[in-house]
Amino acid sequence: MARVWDVPVHDSTRVRDARVAAEEAAALAGLDESRTAAAALIATELATNLLKHAGGGQVLVEAVAPPTGQGSAPALQIAAVDHGPGIADVPAALVDGFSTTGSLGAGLGTCRRLADAFGLDGSPGRGTVALARLDAPPRAPAVGARAGGINVPFAGAAYSGDLWTCVHAAGLLTLMLADGLGHGPEAAHASTAAARELRRCAHLSPAEVLGCLDGALRGTRGAAVAVAQLDPRAGRLRFAGVGNTGARLYEGGAWRPLLSRPGIVGVHRPATVPETEVPWAADRLLILHTDGLPSRWVPPSGPGLPGADPAVTAAVTVRDAGSPARPVRDDTAVAVLSPDPPDLP
Ligand SMILES: [Mn+2]
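Worth saying up front: this structure is predicted, and the values here are computed from it rather than measured.

What counts as what
- Residues numbered from 1 in each chain as written.
- Predicted model: local features only at pLDDT ≥ 70, side-chain atom pairs only at ≥ 80, totals over all residues.
- Heavy atoms only, no water.
- Helix = DSSP H or I, 4+ residues; strand = E, 2+ residues; numbered from the N terminus.
- Rg over C-alpha atoms; globule rule 2.2 N^0.38 Å.
- Buried < 20%, exposed > 50% of the residue type's maximum accessible area, 1.4 Å probe, protein only.
- Contact = heavy atoms within 4.5 Å.
- Areas by Shrake-Rupley, 256 points an atom, 1.4 Å probe, with all protein chains shown as cover.
- Domains from an automatic or database assignment.
- Buried area = accessible area lost by both parts, 1.4 Å probe.
- Salt bridge = Lys/Arg side-chain N within 4 Å of Asp/Glu carboxyl O.
- Polar contact = N/O pair within 3.5 Å; in protein donor to acceptor, adjacent residues only side chain to side chain.
- Nonpolar A, V, L, I, M, F, W, Y, C, P; charged D, E, K, R; others polar.
- Pairing = 2+ DSSP bridges.
- Axes fitted to C-alpha atoms, helices over the stretch in contact; angles between N-to-C directions.
- Phe/Tyr/Trp six-rings, centres within 6.5 Å; stacked < 30°, edge-to-face > 60°.
- Lys NZ or Arg CZ within 6 Å of the ring centre and 35° of its normal.

Enquirer: So what exactly am I meant to see when it comes to the overall build of the chain here?
Expert: Regarding its fold elements, the chain presents seven helices and 16 strands. For 345 residues, the compact-globule estimate of 2.2 N^0.38 gives 20 Å, and the C-alpha radius of gyration of the chain, at 19 Å, lies within 12% of that figure. Across its three principal directions, the C-alpha atoms of the chain cover 60 × 40 × 40 Å. Here the chain, with 345 residues, has 54% of them falling under the buried criterion. For the chain, the proportion of contacts with a sequence separation of at least 24, taken over those separated by at least 6, is 71%. Total accessible area on the chain stands at roughly 14100 Å², and carbon and sulfur atoms take up 55% of it.

Enquirer: Help me out: how do you make sense of the domain arrangement of the chain in this one?
Expert: The parts lose accessible area when they come together, and the size of an interface is often stated as this lost area. Assigned domains within the chain: domain 1 (2-134) and domain 2 (145-339). A separation of 24 Å is found between the C-alpha centroids of domain 1 and domain 2. Listed per partner, the contact involves 31 residues of domain 1 and 33 residues of domain 2. Carbon and sulfur atoms supply 58% of the area that domain 1 and domain 2 bury against each other, a total of about 2300 Å² over both sides. Summed over the three residues of domain 1 that lose the most area to domain 2, namely A2, P67 and H83, the buried surface amounts to 23% of that side. The interface formed by domain 1 and domain 2 holds three salt bridges in total. Joining domain 1 to domain 2, the criterion identifies 15 residue pairs in polar contact (both at pLDDT 80 or more). Elements that contribute at least two residues to the side of domain 1 that touches domain 2 include exactly strand 1 (2-9), strand 2 (57-64), strand 3 (75-82), strand 4 (117-121) and strand 5 (128-134). Counted by class, the side of domain 1 that touches domain 2 contains 12 nonpolar, 12 polar and seven charged residues.

Enquirer: Help me out: how do you make sense of unusual backbone geometry in this one?
Expert: If a residue is not glycine, its phi is most likely negative; likewise, a peptide bond is most likely trans. Here the phi dihedral of A155 falls at roughly 55 degrees; this positive angle occurs in a residue that is not glycine. Considering the arrangement of structural elements, one finds A155 in the loop between strand 6 (145-152) and strand 7 (159-160). Residue classification places A155 among the exposed positions, given a relative accessible area of 67%. The backbone of A170 shows a phi angle near 55 degrees, a positive value even though the residue is not glycine. Along the chain, A170 turns up in the loop between strand 8 (162-169) and strand 9 (172-180). Residue classification places A170 among the exposed positions, given a relative accessible area of 59%.

Enquirer: Could you clarify how one ought to interpret the environment of S12 in this entry?
Expert: Position of S12 among the secondary structure elements: in the loop between strand 1 and helix 1 (13-29). Note: C-alpha distance between S12 and P299 (287 residues apart in sequence) is 33 Å.

Enquirer: Help me out: how do you make sense of the environment of A282 in this one?
Expert: Within the secondary structure, A282 is located in the loop between strand 14 (276-279) and strand 15 (285-290). Along the backbone, A282 and A145 are 137 residues apart, and their C-alpha atoms lie at a distance of 8.9 Å. Setting aside anything within four residues of it in sequence, one finds A282 in contact with P306 and P339.

Enquirer: Would you mind going over the pairing of strand 4 with me for this structure?
Expert: When a strand is regular, its side chains alternate between the sheet's two faces. Counted residue by residue, strand 4 has four buried out of five residues, so it is predominantly covered. Across five bridges, strand 4 lies against strand 5 in antiparallel orientation. Looking at the pairing, F118 lines up with A132 of strand 5. Connecting strand 4 to the next strand, strand 5, in antiparallel fashion are six residues, including G125 with a positive phi near 90 degrees.

Enquirer: I'm lost on the sheet that holds strand 16 (residues 332-339) in this one. Help?
Expert: The strands making up a sheet associate through backbone hydrogen bonding, with each pair oriented either parallel or antiparallel. A sheet is described by the order of its strands in space; here five strands give the open sequence 6-16-15-12-13, paired in antiparallel fashion. With one partner strand each, in any of the chains shown, strand 6 and strand 13 (254-257) form the two edges of the open sheet. Strand-to-strand twist in this sheet, taken as the mean axis angle between neighbours without regard to direction, amounts to 20 degrees. Pairing geometry for strand 15 and strand 16, over four bridges, is antiparallel. The residue of strand 16 that forms the bridge with H289 is V334. Strands in contact with helix 7 (residues 310-321) are strand 6, strand 15 and strand 16; relative to strand 6, the strand with the most contacts, it is inclined by about 35 degrees.

Enquirer: Can you help me understand the packing of aromatic side chains in this one?
Expert: Two numbers describe a pair of aromatic rings. These are the distance of the centres and the angle of the planes. Using the criterion set out here, one finds one aromatic pair in the structure. Between Y250 and W255 the ring centres are 4.9 Å apart and the planes differ by 50 degrees, which places this aromatic pair in the tilted class. Overall, Y250 belongs to the buried group, its relative accessible area being 13%. Looking at R3, its charged tip hangs above the ring of W5, at a distance of 4.0 Å from the centre. Above the ring of Y159, the side-chain terminus of R3 is found at 5.8 Å from the ring centroid.

Enquirer: I'm lost on the pattern of salt bridges in this one. Help?
Expert: Side chains that carry opposite charge are capable of pairing whenever their charged atoms lie near each other. On inspection of all chains with the given rule, the structure shows 18 salt bridges. A salt bridge links R16 to D17; the nearest nitrogen and oxygen atoms lie 3.9 Å apart. Among the charged side chains, a salt-bridge network with shared partners connects D121, R126, R319 and D320.

Below is the structure:
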């Protein structure tokens, strides 16, 4: 089940909670002692920064699917999200020893060095996302795209009924987002069953995957599920969805929706599930989201968008869709598929 540590950080006592969350999640992800210590240090630094620079925010810690869908060991993800002033000069903030307040901390440069992936979005006026991931060794080879996501349980609950995962099988990278009906343990049970079944059927097409999931989710509450599958060699992305999730594709500098069929996977199967097929290239980006995201959300923009870490893009999407005054009313998950950055070997 999607265990998420959602730690609101509004005073210094919660810095410790963020560190403990990182240690507990590291144990769940099976990290060794030194990487657990690195995770604890990163969580401490990010939580301290929330207090110093943003007047507080939220630390979200979870074990996530590895970005290339290879192997079964999860990665540990630590994200700090705030609605503070943002960071005007992101490269400067990542220089070791940089501090806007003159205090001594580990610094974001240290966080970047300790993590396998580190991303920072400091949109002035909208807030900051700092996200670190410690991947399970060994590092998997590039497969043409990377997946990432963020999961925010309703009302700070320990488990989210939403779940995203990705699986690499038969040369295909399949990204799935499932929203178990409602929220709480029964919803989590349904989305977890979907993730388990995906590991068995990720070599099939998205519509066929949804058919398999429908069987696997019988007896559960059911779920809304979106499946996107990239064939990197053919440069093609196929998409199919059943139920109330959203999908947007970035192509040619603009966003367009990819449509799902009405229904509930495991409960009410639509007669036909059409697939959308689109070309995939280095300037494309895909966002899948559950209905916890406010309906008026605006997709992120900016020249560096396709090259950004997909989990950072997901966290920025959640950050910019909400505010401290408008907390989400349901579990909210966003999953992103990004092309590999061009500077990767
Ligand atoms: Mn839900």
